[in-house]
Structure formats: structure tokens, C-alpha cells
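Chain residues, written in single-letter form:
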Amino acid sequence: MLEAESHSPVVHSGTTTATHPERSKIGFVGLGHMGTAMAANLAAAERRVIAYVRRPNRMDKLAALGLRPTTDITDLFDCEVVISMLPDDDAVLEAAFGRADAGTEGFAAGLRRGAIHLSMSTIGTGTASHLAREHARHGQGYVAAPVFGNPDAARARQLFIVVAGVPADVERCRPLIGNLGQRTFIVGADPAHANLIKLLGNMMMATTLEMLGETVALFRKRGLDPQLFVEILTNTMFGGRAHRLYGDKIVAQRYAPGLALPLALKDVRLALAEAEDAAVPMPSVSVVRDRLIAGIARGHADLDWTALGLIAAEEAGIESALSGMKGRAT
């Protein structure tokens, strides 16, 4: 269900007091390309953003964006909402709950009762369910809100955000989510459902990139301009955003990351695990998994998943036509 942004006050669970989200502290964990763009947008919307980083050398850059950087995770303990935008399941679990073997503490240990962890990472459904249970045990809320979009979309506040959680917690997060994206889809009370949608969406994107790469390679192998092919297809039967945006990138051989191949492989593996658990064969996704592994093995790990087009070209024996262009900026 598509939901519009709401500006309802924040209400603590079990109390009748309200806190205006504009004046509350917002924690942010995971300041990579996506996370930094999102946190900067929150600061631009006059949110008080406490940005947790492990490397002190990043603090000046984050401060220049209007954030309040810290290397002390305890600075997140009095935040109303802590947003995580981290690369994988283990990173989210460690940020929230720490690691006993490493002697590290997560923010859940000191986060106040009634505060919310807003997880915007792409993670497995089992991890999402575990996070929800553990935060509930601490008296805290948990909302899953994975996003569709790349760092450019994040900077432009053009993300599509899929949200699930306890309705009251979702309502409290809606003003923040509205500062980050162009559309919000509320998909129910179970956080795992939002992550399943995100994983399956990324699976469909990966198979789309594989097919685009294969067809462009064939057109190029015949000595023809693949731009004509993509232009015809995207103005007839395949006019969606994915075909238009990524078709042009594959034709132009622009592979600077967005979603680097190892992260794309992580998402595909998570989607395949969901499929196996449900006894649903997905042979096309298995092919993409192997293609991603091949690309990483060939030294393309720092490239965007549009490099599935590069891998298809290499398989077709035309890699020399792409020499020196793998890392060309978008």
C-alpha cells in the first residue's frame, strides 16, 4: 500500500507524552556512500543527526555536512530513533547488539525504552525477525525500511522505501522516512516482509542486468551499435526505469559503483536462500550468482553490478573492446 508522508508527533510507548521529531536526536550508523547521502538529507531537513563512525579521520567531512559525528556508540543511547544503513546482516547485528567475542557493545544495550531502530539495510528475513525480537526484549521498537535506489538517488531524495513494523512505530518513523525518499510503501507489521520484497526486487534487477548484458554483447559482437537496440527496446516493450537507466550504462560501459559486485552477490545469495527455504526453484538467479562470482574472480569486485554487461562481453570474446573503460566514472 502506498502511503504519503505523515508529520505526526513521536509518542513513547506506554506514555502519553509526545516529542517533536524535529527536536529529537536521530542516530545514524553506516556512513558509506548511501548512508552519508541519507544522513546529510536529514541534517538539511534540520534534524539533529548523531553520526556514529569507527574512523576518526571521517569526522571533519561529516561535520561539514551538518552532522554531529562521534566514535563513541554510547552517544546514540539518548536518541529517539537510530537508523542503520549497513552492508550486510553481520554488520547490522554487531551495530545493534555488539560482539561478545570482540568485547564490543551495540547501541541496543543503552538505547532507551520506546526508542526505535529503523533498519534501512538489505538483510535476510531471518535476521530482520531476530532484530525485531531482540529489540522488543529490550523494550525498543524495530522497523524495517530497505530502499530501492543508488547513491545518486539517495542524494536527490528519490529513493523508494519499503516499510514494515508495528504500526505505531512505523507512524513515528514516517516523518524521517519522508526526508529520504520520494515514495513509501507500507507493507504490514512484520519487518521480514519488507526485507523479502527488497531481496526479490534486487533479484529481478540482477537478472535484468544479466539479460541486458548478454543482448548488448551479441549486438556489439555483430559490429552494430547497441545504443540503437536499447533505444528501440526501451521505447517499446521494455520502457521501465531499470531497462532505461541500466541499459544506457551498459551500452556506455559505465561501471563505477553504485552497488559493487560483492554486495550484489550477497543480495542474490540471500534471495536464493529464501527460495530454497520455500522450495521455489530459481534457476535464472543461480546463473546470475555464478556470473557475479566470475566477475569478482576476474578482478571486477570494485565495479557496479552493471558490470554483468562487462562479464557478458568477456564471455563473448570482446573484452578488448572494453579495455581501460571498466572504471570510467558515471
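Please read these numbers as outputs of a predicted model, since none were measured by experiment.

### Concerning the pairing of strand β5 (residues 48-52)
Most of β5 is tucked away: four of the five residues are buried. As defined by bridge partners, strand β4 (residues 25-29) adjoins β5 across five bridges and the pair is classed as parallel. When the bridges of β5 are listed, Ile 26 appears paired with Val 49. Taken together, β4, helix α1 (residues 33-44) and β5 constitute a β-α-β crossover, and its handedness is right-handed. Where β5 and strand β6 (residues 68-70) come together, three bridges link them in parallel fashion.

### Here we look at the packing of helix α3 (residues 89-97) against helix α4 (residues 125-137)
At a closest axis distance of 11 Å, the pairing of α3 and α4 adopts a crossing angle of 5 degrees. Put simply, α3 runs roughly parallel to α4. Across the interface between the two elements, Asp 89, Val 92, Leu 93, Ala 96 and Phe 97 from α3 touch Thr 127, His 130, Leu 131, Glu 134 and His 135 from α4.

### Description of the confidence of the model for the protein chain
The predicted model of the protein chain averages 90 in pLDDT, with 89% of residues at 70 or higher. Under a pLDDT of 50 for its full length, residues 1-22 has, in the predicted model, 46 contacts with residues more than four places off or in other chains. Of the regions scoring below 50 in pLDDT, residues 320-330 engages in 25 contacts with residues more than four places distant in sequence or in other chains.

### Some words on the pattern of salt bridges
Within the structure shown, the criterion is met by 15 salt bridges. A salt bridge links Arg 298 to Glu 315, with the shortest nitrogen-to-oxygen separation between them at 2.3 Å. A residue pair is termed long-range when its members are at least 10 positions apart, and Arg 298 in the loop between α11 (283-297) and α12 (308-315) and Glu 315 in helix α12 qualify at 17 residues. For Glu 315, a relative accessible area of 47% corresponds to the partly exposed category. Connected through shared salt-bridge partners, Glu 210, Glu 214, Arg 291, Arg 298, Glu 314 and Glu 315 make up one network.

### Details of the side chain of Asn 202
Residue placement: Asn 202 occurs in helix α7 (residues 191-221). With a relative accessible area of 6%, Asn 202 lands in the buried category. Separated by 2.8 Å, the side chains of Asn 202 and Asp 267 make a polar contact. If we ignore the near neighbours within four places in the chain, the residues touching Asn 202 are Thr 122, Phe 148, Asp 267 and Trp 305.

### Brief notes about the packing of α7 against α12
Relative to each other, α7 and α12 sit at 40 degrees, their axes nearing to 8 Å. Between α7 and α12, the angle is such that the two are oblique. Seen from above, α7 lies across α12 with right-handed handedness. Residues Ala 206, Leu 209, Glu 210, Gly 213, Glu 214 and Ala 217 of α7 touch α12, and the partners they reach there are Leu 308, Gly 309, Ala 312 and Ala 313. Along the lines of polarity and charge, the residues of the contact of α7 with α12 split into six nonpolar, two polar and two charged.

### Digging into the nonpolar core
By size, the foremost hydrophobic cluster in this structure holds 34 residues, and its most contacted members are Phe 28, Met 38, Leu 118, Met 120 and Ile 161. Listing elements by their share of this core, those giving two or more residues are β4, α1, β5, β7 (81-84), β8 (116-119), α5 (151-155), β11 (159-165) and α6 (167-178). When residues of this core are assigned to their parent elements, the largest contribution, six residues, is made by α1.

Criteria and thresholds
- The residue count restarts for each chain, going from 1 along the sequence in the order it is written.
- Given that this is a predicted model, residues contribute local features only at a pLDDT of at least 70 and side-chain atom pairs are listed and counted only at 80 or more, while totals for whole chains, interfaces and linings are drawn from all residues.
- The basis for the side-chain values is all heavy atoms of the structure; hydrogens and waters are excluded.
- Note on classification: 1.4 Å probe, protein chains only; a residue is buried when its accessible area is under 20% of the maximum for its type, exposed when over 50%, partly exposed between these limits.
- Counting from the N terminus, the helices are the DSSP runs of H or I reaching at least four residues and the strands are the DSSP runs of E reaching at least two.
- Any two strands between which DSSP finds at least two bridges are classified as paired.
- The definition of a right-handed crossover adopted here requires that, viewed with the strands pointing away, the path from the first strand over the helix to the second runs clockwise.
- Geometry is summarised by axes, namely lines fitted to C-alpha atoms with helices restricted to the contacting stretch, and by angles between N-to-C directions that run from 0 to 180 degrees.
- Roughly parallel covers angles under 35 degrees, roughly antiparallel covers those over 145, roughly perpendicular covers 65 to 115, and oblique covers all other angles.
- Whether two residues touch is decided by their heavy atoms; if any such pair falls within 4.5 Å, the residues are in contact.
- The score called pLDDT rates the predictor's confidence residue by residue, from a low of 0 to a high of 100.
- Throughout this description, the term salt bridge denotes a Lys or Arg side-chain nitrogen within 4 Å of a carboxyl oxygen of Asp or Glu.
- In the analysis that follows, any N or O atom pair within 3.5 Å is treated as a polar contact, provided that within protein one partner can donate a hydrogen and the other can accept it, and provided that, for residues neighboring in sequence, both atoms belong to side chains.
- In a left-handed crossing the near helix is turned counterclockwise from the far helix by less than a right angle, and in a right-handed crossing that turn is clockwise.
- Gly counts as polar in this scheme, as do all residues outside two lists: the nonpolar Ala, Val, Leu, Ile, Met, Phe, Trp, Tyr, Cys and Pro, and the charged Asp, Glu, Lys and Arg.
- Remark: nonpolar core denotes a set of buried residues (Ala, Val, Leu, Ile, Met, Phe, Trp, Tyr, Cys) joined through side-chain atoms within 4.5 Å.

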